[in-house]
Amino acid sequence: MRPPPQRLSEAEFDKLINGAVGSSIQTLSRLTGFASDEACIPTQYLRIVSMLYDQLDANKIPHGTVGEDVPVEALDIAVTSLLGLGVTIPLWLNHKDLWQQLPKGLCARWPDIRRWLLFLYKNIIIQEDIDIDLDARYTCKTAVLEFLGLVRDRLLMSWSKSIPTDREIIRMICDLWFIETRDPSFSSWNPGAKTQRESAVFNSCFLIAHEVGASIDWANLLSLFQGEAELIATVSLCHLDREISHDELDLNCIAWDLHIVTVLSFREDICLALMRQGAIKAASEILALIVDRRWEGETRVIATRCMVNAIVLLRSRIQAMDALPFLSQALQRGLVPSLLKCEALLPFAEQPQANRQLIILLGEILPGYTVYRSILHQLALAVDLATGQRLDARLSKDGEIYKAWRRLKDAVDERRRLVRRDVANGHIQTCQNDMCSKTSHMRRFKRCAGCLHAYYCSQKCQRYDWQNGKHKQYCTRVHQRFIRTRGQMSTVHSKDLKFLDQVILAELKKHHERLSTHPSKLTLVELNLVGGQANVVFDARGTNANPFGTKCGCEMFANARWKRMAEVVREGKKPMVLVRAFIPGGLSRKIVLQAIPLSAVVDGGPGERRKGRVVEKNQFNLIFTCCGSEGNENPKGLK
């Protein structure tokens, strides 16, 4: 049995208070230590807090240059007072007699404390050129950080809600986070002590801003990084890299850093910089690191938080830009096996819907990209590896993760049977000039260097379409994406184009009976291949202009060409199937338009279109990409 706490008599307590008021650093330290002891009673703690606030009166901020006119030791009382408040207030906030008084007192004293924080930051912490001991700078940083750690407590929201919009304070918090990567000696990583971490405070500011609906002044924060999105992206990923390099992991900090990267990625220029610098690689490696270890006790909750934050980052950003490079990076780092191993930790998730992001990633996003031969190859290897390790056997057969896994495996198994067929088949391309629409085999046409997706049979056709057609408007919009992403836009590889032909043909063959008995010589078929499971709409009369909605204004150009193709094909004599297929494409889905002879779909065997076969009249094959702008706006000049 523990002995009862040794309480101080009123006389002893008064003596301590008077000693602290008299600026005795030893007495002040003892008093703040007593405030954390069970022997301290609420009335005594209120007197301690009041005394600490008095020591932080703004009138006591010294004038002159620290280290020259003002000795660093003269600031010990203020530094100790900040530490005392930061450490003890969270211990007393839940007390029934203090939970209202403490937030009110903090709000009342905040203007003075704010001035002290900025004084210590500007005159000591960031001063590298004057004669101030490094230990003194680190101690001041620790005190400032310990106090600012109070933003993490929800019971102090009446005070902390103003922090994200306080330009000087949020800038200081961001710079403290930045300093840790600039100078390793300022690192707050200390496995043996429960010190406040810069990432914890910075992350809490983002959470508060989201909760209260406050806007982050990005220009203010980016000014610390010379306005360069690349630099703040580098710093955020450096934090992650350093955290996972330690033998003893700080799981909390890894979770905070992952969330910071996710928040930063909502700003487009920072997102693009993060993607270029390896955010997807980092998130995939952290996910693998977490799920490959065995966690016990309370660490399981924190490990699960890291796992969920990594999945959220992957889910929200893996389809950035053109998606394929980032999907490839994640798959190379064991994304599929890692996702299957997550189920063991999900019961410890703090949010009941934590598995939703995992299910979307595993059962919707990844299956959708099996239409690309290059990604299918990696997915097939991942599925075989997971099956060989019997990771699927560990999943709950009634669980949502198992269902998502089956959707992925079924899509991979179905699509990899098509791989051998596309090798022997030639891909056809159609001149984008709809006044020409000449069609021929791959590599006989020249590609537009602006949008990287339109092909022309001659310079004359390209010039005509630019001057008189709609390509100038379309290409300009897509090229804006090229500029916005700093060149991070690519065409669809020829092997993927050939494979797409087989995917579309295979989907049509599933409905060959319906197509063979169709009374019209032209059958319009809409295929939505985004999301893994094909969604098919038959619309013989073309009455439903957009059965799968419009995701980007650029799609209007593809829709206009779709209507024109239907008019041309109706004039022909042979029965044709006109297909509009939507496929996943990173920033925005891509659209493939094909006019296929009905005989290629309904005749016996696999119905493969052999290389060297004569191209039928009115046979088309076009692909459109998008600029990635949400909305249904009608581009100027397009009716």
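Only a predicted model underlies this, so the values are computations on that prediction, with no experimental measurement involved.

A short note on helix α24 (residues 494-509)
For an α-helix the count is 3.6 residues per turn, leaving residues at separations of three or four pointing the same way.
Inference 1: Here α24 is 16 residues long and its end C-alpha atoms lie 23 Å apart, about the 22 Å a rise of 1.5 Å per residue gives.
Inference 2: For α24, the buried fraction is high: 14 of the 16 residues fall into the buried class.

Quick notes on the packing of aromatic side chains
Inference 1: One pass over the structure, following the stated rule, counts 15 aromatic pairs.
Inference 2: Judged by centre distance (6.2 Å) and plane angle (70°), the rings of Y138 and F186 are edge-to-face. Here Y138, found in helix α6 (residues 134-148), pairs with F186, found in the loop between α8 (167-182) and α9 (198-212); they are 48 residues apart in sequence, far enough to count as distant.
Inference 3: The class for Y138 is partly exposed, based on a relative accessible area of 27%.
Inference 4: Look at F186 and you get buried, because its relative accessible area is 0%.
Inference 5: Where F206 meets W218, the ring centres are 6.1 Å apart and the plane angle is 25°; that geometry is what we call stacked. Separated by 12 residues along the polypeptide, F206 in helix α9 and W218 in helix α10 (residues 218-222) bring together distant segments of the chain.
Inference 6: You can call F206 buried: its relative accessible area is 6%.
Inference 7: By relative accessible area, which is 17% here, W218 ends up buried.

Quick word on the pattern of salt bridges
Inference 1: Tallied over the entire structure, the rule returns 31 salt bridges.
Inference 2: One salt bridge in this structure joins E350 and R305, with 2.8 Å as the shortest N-O distance. Of this pair, E350 sits in the loop between α17 (335-340) and α18 (355-368) while R305 sits in helix α15 (residues 299-317), and the two are 45 residues apart along the sequence.
Inference 3: On the basis of relative accessibility, which here comes to 23%, the residue R305 falls in the partly exposed class.
Inference 4: Residues joined by salt bridges that share partners form a network here, namely R114, K122, D166 and E168.

As for the packing of α6 against α8
Inference 1: It is the contact of α6 with α8, at a shortest axis distance of 12 Å, that shows an interaxial angle of 120°. With respect to α8, the axis of α6 lies oblique. Pair α6 / α8 crosses with left-handed handedness. Of the residues in α8, those in contact with K141, V144, L145 and L148 of α6 are I169, M172, I173 and L176.
Inference 2: Grouping the constituent residues of the contact of α6 with α8 by class yields 7 nonpolar, no polar and 1 charged.

About the thresholds
Residues numbered from 1 in each chain as written. Predicted model: local features only at pLDDT ≥ 70, side-chain atom pairs only at ≥ 80, totals over all residues. Heavy atoms only, no water. Helix = DSSP H or I, 4+ residues; strand = E, 2+ residues; numbered from the N terminus. Expected span 1.5 Å × (residues − 1). Buried < 20%, exposed > 50% of the residue type's maximum accessible area, 1.4 Å probe, protein only. Phe/Tyr/Trp six-rings, centres within 6.5 Å; stacked < 30°, edge-to-face > 60°. Salt bridge = Lys/Arg side-chain N within 4 Å of Asp/Glu carboxyl O. Axes fitted to C-alpha atoms, helices over the stretch in contact; angles between N-to-C directions. Parallel < 35°, antiparallel > 145°, perpendicular 65-115°, else oblique. Left-handed = near helix turned anticlockwise from the far one by under 90°. Contact = heavy atoms within 4.5 Å. Nonpolar A, V, L, I, M, F, W, Y, C, P; charged D, E, K, R; others polar.

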